[in-house]
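Chain by chain, the residues:
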Amino acid sequence: TEINWGVDPIGCLASDGRINQKMKHSYRDAAKLSQWVHKTQPKGKTFRVSLLPYHMVGADICTELALMLSIMADLHRNLSAHGLGARELAEQTMVSVPVDGNVFLGISKLRAVRKLWSAFFGLNQVKVAPQVHALTSPRMFSKWDPYVNILRTTNAAFAAVTGGSDELTVLPFDHRIGRTAKG
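Figured I'd write up the structure that's included with this text. (Residues numbered from 1 in each chain as written. Predicted model: local features only at pLDDT ≥ 70, side-chain atom pairs only at ≥ 80, totals over all residues. Heavy atoms only, no water.)

**So, the nonpolar core**
Part 1 of the argument: Among the nonpolar cores identified, the biggest contains 39 residues, and Leu79 and Phe121 are the most heavily contacted of them.
Part 2 of the argument: Put simply, the parts of the chain that give this core at least two residues each are α2 (23–40), β2 (45–50), α4 (61–80), α5 (86–91), β3 (93–99), α6 (103–122), β4 (131–136) and α7 (148–163).
Part 3 of the argument: Looking at this core, the element that brings in the most residues is α6, giving 7 residues.
Part 4 of the argument: When residues no more than four places from it in sequence are discounted, the contact partners of Phe121 are Met72, Ala86, Leu89, Ala90 and Val126. (Core = buried A, V, L, I, M, F, W, Y, C linked by side-chain atoms within 4.5 Å. Buried < 20%, exposed > 50% of the residue type's maximum accessible area, 1.4 Å probe, protein only. Helix = DSSP H or I, 4+ residues; strand = E, 2+ residues; numbered from the N terminus. Contact = heavy atoms within 4.5 Å.)

Structure follows, in structure tokens:
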């Protein structure tokens, strides 16, 4: 079974402005969950480094990539204190990357995520390919002309697939106005 638990204390803090417990307790609990996932779900992912909260408040690509490295360094530092090594962190982490309608920048962003991941974990002599989840950026959607969003999501999906994402979430074209058909 492959389950992505999506533990992202920093992303939660960035998007909500608060977290339910002290950060040190979040890392302790995340390390315990990671050990359990490692034993019971060898292909499971415990951690998610989501760039969406930063993208949604206007971060550019360079800032998003810098934040990805910073978050991974913070996870590595805090989780290694609880016995989680670089290899385990790399094997149990997914990177979630928003991609907008600019095809060439989207492809470049996803390729840069893979290169930076390899450089970061290469410092610890760990060679584990990243699992990259791409999603169409909610920031690019038009509320007043939802049909143009079909073109935007097509461009973003093409960029994500061409850029080498492992998973892709395409938001519906009327996402901003909330009229998506259910069921």
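**Re the sheet that holds strand β5 (residues 167–169)**
In any sheet, the strands associate via hydrogen bonds between backbone groups, in a parallel or an antiparallel arrangement.
Part 1 of the argument: On the basis of which strands lie adjacent, the open sheet formed by 5 strands has the order β1-β2-β3-β4-β5 and parallel pairing. Of all the strands in the sheet, the pair left with one neighbour each is β1 (4–7) and β5. Shown here is a sheet whose adjacent strand axes are inclined to one another by a mean of 30°, direction ignored.
Part 2 of the argument: Two elements, β1 and β2, share 2 bridges in a ladder whose sense is parallel. Following the sheet pairing, Val7 is matched in β2 by Phe47.
Part 3 of the argument: In this fold α6 packs onto β3 and β4, with an angle of close to 160° to the strand it touches most, β3. (Pairing = 2+ DSSP bridges. Axes fitted to C-alpha atoms, helices over the stretch in contact; angles between N-to-C directions.)

**Notes on the environment of Ala14**
Part 1 of the argument: For Ala14, the position within the fold is in helix α1 (residues 9–16).
Part 2 of the argument: The class of Ala14 is partly exposed, set by a relative accessible area of 41%.
Part 3 of the argument: Sequence separation between Ala14 and Tyr54 is 40 residues, and the spatial gap between their C-alpha atoms is 7.6 Å.
Part 4 of the argument: The contacts of Ala14, once residues within four sequence positions are left out, are Pro53 and Tyr54.

**With respect to a nonpolar patch on the surface**
Part 1 of the argument: A contiguous nonpolar surface patch, about 290 Å² in accessible area, is contributed by Ile3, Trp5 and Trp36.
Part 2 of the argument: Locating Trp5 in the fold gives a position in strand β1. (Patch = residues over 30% accessible without salt bridge, like charges linked within 9 Å, V, L, I, M, F, W, Y side chains within 5 Å. Areas by Shrake-Rupley, 256 points an atom, 1.4 Å probe, with all protein chains shown as cover. Salt bridge = Lys/Arg side-chain N within 4 Å of Asp/Glu carboxyl O.)

**Focus on the pattern of salt bridges**
Part 1 of the argument: Throughout the structure, instances matching the rule amount to 5 salt bridges.
Part 2 of the argument: Linking Glu64 and Lys109 is a salt bridge whose minimum nitrogen-to-oxygen distance equals 2.8 Å. In this pair, Glu64 sits in helix α4 while Lys109 sits in helix α6, placing the two residues 45 residues apart along the sequence.
Part 3 of the argument: Among the residues examined, Glu64 registers a relative accessible area of 1% and is labelled buried.
Part 4 of the argument: Assessed through its relative accessible area of 5%, Lys109 is described here as buried.
Part 5 of the argument: Residue Arg114 pairs with Asp166 through a salt bridge whose shortest N-O separation is 3.2 Å. Placement of Arg114 in helix α6 and of Asp166 in the loop between α7 and β5 is noted, with a sequence separation of 52 residues between them.

**Describing the packing of α2 against α4**
Part 1 of the argument: It is at 9 Å that the axes of α2 and α4 come closest, and there the two elements cross at 80°. One way to sum up the angle between α2 and α4 is to call them roughly perpendicular. Residues Tyr27, Ala30 and Ala31 of α2 touch α4, and the partners they reach there are Asp74, Leu75, Asn78 and Leu79.
Part 2 of the argument: In the contact of α2 with α4, the residues fall into 5 nonpolar, 1 polar and 1 charged. (Parallel < 35°, antiparallel > 145°, perpendicular 65-115°, else oblique. Nonpolar A, V, L, I, M, F, W, Y, C, P; charged D, E, K, R; others polar.)

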